[in-house]
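These are the residues of each chain, in order.
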Amino acid sequence: MALSSGAALKGLGVGLNSSVGQVWKVKPHAALPARAKTANGAEVEAQSLKASISAVARDLDQLGEKAGGTSAEIFEALKFLLEDDELFEVASAHMDDGWSAAAAYGMAVDEFGELLGGDPTFVERVADLQDLSKRVQAHLAGIELSLNLPESGNLVLVGEDFSPADTAQFTPAVIGVVTTKGGPTSHTSIICRSRGIPAVVSCGDAAQLETGDSVLVDPVGDRVVVGGDASLATQSITFVAINDEPIIPVRSNIGTKADAEAAAKTGADGVGLFRTELLYLSEKTQPSVEQQTAAYSEILAAAPSGPIVVRTIDAGSDKPVPFLDMGHEENPSLGVRGYRLIVEHRAFIEDQLKSLEAARQATGREVWVMAPMIATVQEAADFCNLARSIGSFKVGIMIETPSIAVLANDLAGVVDFVSIGTNDLSQYLFAADRMNPALGTLLTPWQPGLIRTLARIADAGNATGISVGVCGESASDPTFAVVLAGLGITSVSASPSQVDVVKTALSSVDLAKAKEIANSVLAATSPEAAKAAALDGLASA
Ligand code: PEP
Ligand code: MG
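So, here is what we can say about the structure in this document. As the structure is a computational prediction, the values presented were derived from the model and not from experiment.

### Observations regarding the coordination of the magnesium ion (ligand 2)
Here is step 1: Protein-derived coordination of the magnesium ion (ligand 2) comes from Glu400 (OE) and Asp424 (OD), at a distance range of 2.0 to 2.1 Å. Residue Glu400 is found in the loop between β13 (394-399) and α12 (402-406), and its partner Asp424 is found in helix α13 (residues 422-429); the two are separated by 24 residues along the sequence. Summarising the burial analysis for this pair, Glu400 and Asp424 share the class buried.

Pasting the structure below:
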């Protein structure tokens, strides 16, 4: 049924600006041919399969080059999955049985999916593997999978959710993005925020839009308006700095040297989160202390001036690190991940800290270290003792589990600082898998359950003298960053593309105003009311 003009489709907005354009529905790709046997012979098929795998690997290289930074690392990790030798061997056995290359590769990936579905090293990658399998099979069948977007025009892309391979193909014609699934921390949201493309995600009703429909993408109003024009856009906040400095420091999140260089071009006050595992998503062998020292030294040297908060490896769940074999787990996001690796992989965490100390000495930078996924005060104390015995760091932990959030007062005398990872804290507070695109509405930072938890942690920090940063995606939203400062959070860390806008937002109000806004947000009992309270407060600033 066609939607009537003026219909408002609710979703979760990403960004501060609106746009009006024509819907471009990303259609499902042509069906892949049915699996079949062939008389070509195993050798011929194996050659075709090798050629197609190489072609898809080259596509991934190109996409990585285009995307750059952390996205390039993601494509590198995908290539590692694609070129897996064992996978090729399983496919070869099927080709020996007479199956075509496409059928054999598809069957091999299905078997891997089943076998590895419960393995934390692969569970979150099964979907990626299936996507790669589709690409290889499509290449073999000559089916085009690329989005083929025009270079000019005013397109609002509408689809279920967009993968890194999709977003790397966005052209300048894409002026708006709407997804029926995907939450505020989805890849689509992160990319749209960093490129300033207005987006509305988790907008289920957008499935009814048709290519060619004119729509207003209104992120501030959390909606898409059919036939709407710019005059209907919910008034966005224009942040105008009234002070030279933000009311709390704004740091940058980084994962690679390219990110460190990008961050150094912003006004970031150091680094609030260096995700070290991003260096190792495709490493089969454990890097030595010398290799790690060289890698960390380069990154520390390139990072913006100010302290650099480095997180020890956060492998497991959504971030598999091949050289850390973590065995089979039914429920990887609730399993052995982050600091819990200390039991089986103590030597690696110690090596990381030794390498960071050597890199600190080599570069003269101020290094803070923190451990991810801490659940108890004892774990926090053990990590801090270990880190202090190895180097001259400020030592802290991430607050990502409800347990340690509740115990924040007990961290007095144990840690020097804490940094709240709102991506995982939301996941565990709401029992809502952060990778599940259907649960976006529970994962918005405007949920009162999250905001009140953040207020309690900030109060605990204030009472104990422990500084409390926020480094999850929520801190990259300038409006939310003002609320964080008002709650008593003492620093935020945003993605490099968001640092300057967050800084301007935090320079546009004084602390008293931010507190007033935070208090009205705290009183709200729904995400919509919380966001409206913040926007009202800022409008009157
Ligand atoms: C978080 O959980 O908010 C966080 C910053 O860590 P990551 O997103 O890397 O899990
Ligand atoms: Mg986390």
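### Focus on the sheet that holds strand β14 (residues 417-420)
Here is step 1: Pairing within the closed barrel is parallel, and its 8 strands lie in the order β9-β10-β11-β12-β13-β14-β15-β16. Taking the axes of each pair of neighbouring strands and ignoring which way they run, one obtains an average angle of 25° across the sheet.
Here is step 2: Across the sheet, helix α11 (residues 377-390) lies against β12 (367-371) and β13, angled at about 150° from β13, the strand it touches most.

### A few points about the site of ligand 1
Here is step 1: In the vicinity of ligand 1, 14 residues are found, and the nearest of them are Arg275, Arg311, Gly421, Asn423 and Arg434.
Here is step 2: One nitrogen or oxygen atom from the side chain of Arg275 is found 2.7 Å from an oxygen atom belonging to ligand 1.
Here is step 3: Here an oxygen atom of ligand 1 and a backbone polar atom of Gly421 are 3.4 Å apart.
Here is step 4: Its free accessible area being 290 Å², ligand 1 has 99% of it covered by the protein chains.
Here is step 5: Because more than half of its atoms lie within 2 Å of the grid, ligand 1 is assigned to the largest cavity.
Here is step 6: Partitioned by chemical class, the residues of the shell around ligand 1 number 3 nonpolar, 4 polar and 7 charged.

### What to know about helix α7 (residues 187-195)
Here is step 1: Of the positions making up α7, those classed as buried are Thr188, Ser189, Ile191, Cys192 and Arg193.
Here is step 2: Gly196 occupies a position one or two residues after α7 and carries a positive phi of about 70°.

### Digging into the pattern of salt bridges
Here is step 1: Enumeration according to the criterion identifies 17 salt bridges in this entry.
Here is step 2: With a closest N to O distance of 3.3 Å, Asp314 and Arg337 form a salt bridge. Taken together, the positions of Asp314 in the loop between β11 (308-311) and α10 (342-363) and Arg337 in the loop between β11 and α10 put the pair 23 residues apart, joining distant regions of the chain. A single burial state applies to Asp314 and to Arg337, both of which are buried.
Here is step 3: Residues participating in the shared-partner salt-bridge network are Glu277, Arg311, Asp314, Arg337, Asp424 and Arg434.

### Focus: the packing of helix α15 (residues 478-487) against helix α18 (residues 527-539)
Here is step 1: Where α15 contacts α18, the axes come no closer than 10 Å and their chain directions differ by 85°. When the interaxial angle is binned, α15 and α18 end up roughly perpendicular. Listed contacts from α18 to Thr479, Val482 and Val483 of α15 are Ala534, Leu535 and Leu538.
Here is step 2: When grouped by side-chain class, the residues that make up the contact of α15 with α18 number 5 nonpolar, 1 polar and no charged.

### Overview of the sheet that holds strand β5 (residues 174-179)
Here is step 1: The strand order across the open sheet formed by 8 strands is β1-β8-β7-β3-β4-β5-β6-β2, and the pairing between neighbours is mixed. A single partner strand is all that each edge strand has here, and the edge strands are β1 (8-10) and β2 (12-14). Strand-to-strand twist in this sheet, taken as the mean axis angle between neighbours without regard to direction, amounts to 30°.
Here is step 2: When strand β4 (residues 155-159) meets β5, the two strands line up parallel, connected through 5 bridges. Each bridged residue has a counterpart across the sheet, and for Gly159 the counterpart in β5 is Thr179.
Here is step 3: Contacts from α7 reach β2, β5 and β6 (199-201), with the element oriented near 155° to β5.

Parameters at a glance
- Residues numbered from 1 in each chain as written.
- Chains lettered and ligands numbered in written order.
- Predicted model: local features only at pLDDT ≥ 70, side-chain atom pairs only at ≥ 80, totals over all residues.
- Heavy atoms only, no water.
- Donors = N, O, S within 2.8 Å, 3.2 Å for Na, K, Ca; no water.
- Helix = DSSP H or I, 4+ residues; strand = E, 2+ residues; numbered from the N terminus.
- Buried < 20%, exposed > 50% of the residue type's maximum accessible area, 1.4 Å probe, protein only.
- Pairing = 2+ DSSP bridges.
- Axes fitted to C-alpha atoms, helices over the stretch in contact; angles between N-to-C directions.
- Contact = heavy atoms within 4.5 Å.
- Near = heavy atom within 4 Å.
- Polar contact = N/O pair within 3.5 Å; in protein donor to acceptor, adjacent residues only side chain to side chain.
- Areas by Shrake-Rupley, 256 points an atom, 1.4 Å probe, with all protein chains shown as cover.
- 1 Å grid on protein atoms, 1.4 Å probe; cavity = no way out; pocket = protein on both sides within 12 Å on 5 of 7 lines; lining within 4 Å.
- Sits in = over half its atoms within 2 Å of the grid points.
- Nonpolar A, V, L, I, M, F, W, Y, C, P; charged D, E, K, R; others polar.
- Salt bridge = Lys/Arg side-chain N within 4 Å of Asp/Glu carboxyl O.
- Parallel < 35°, antiparallel > 145°, perpendicular 65-115°, else oblique.

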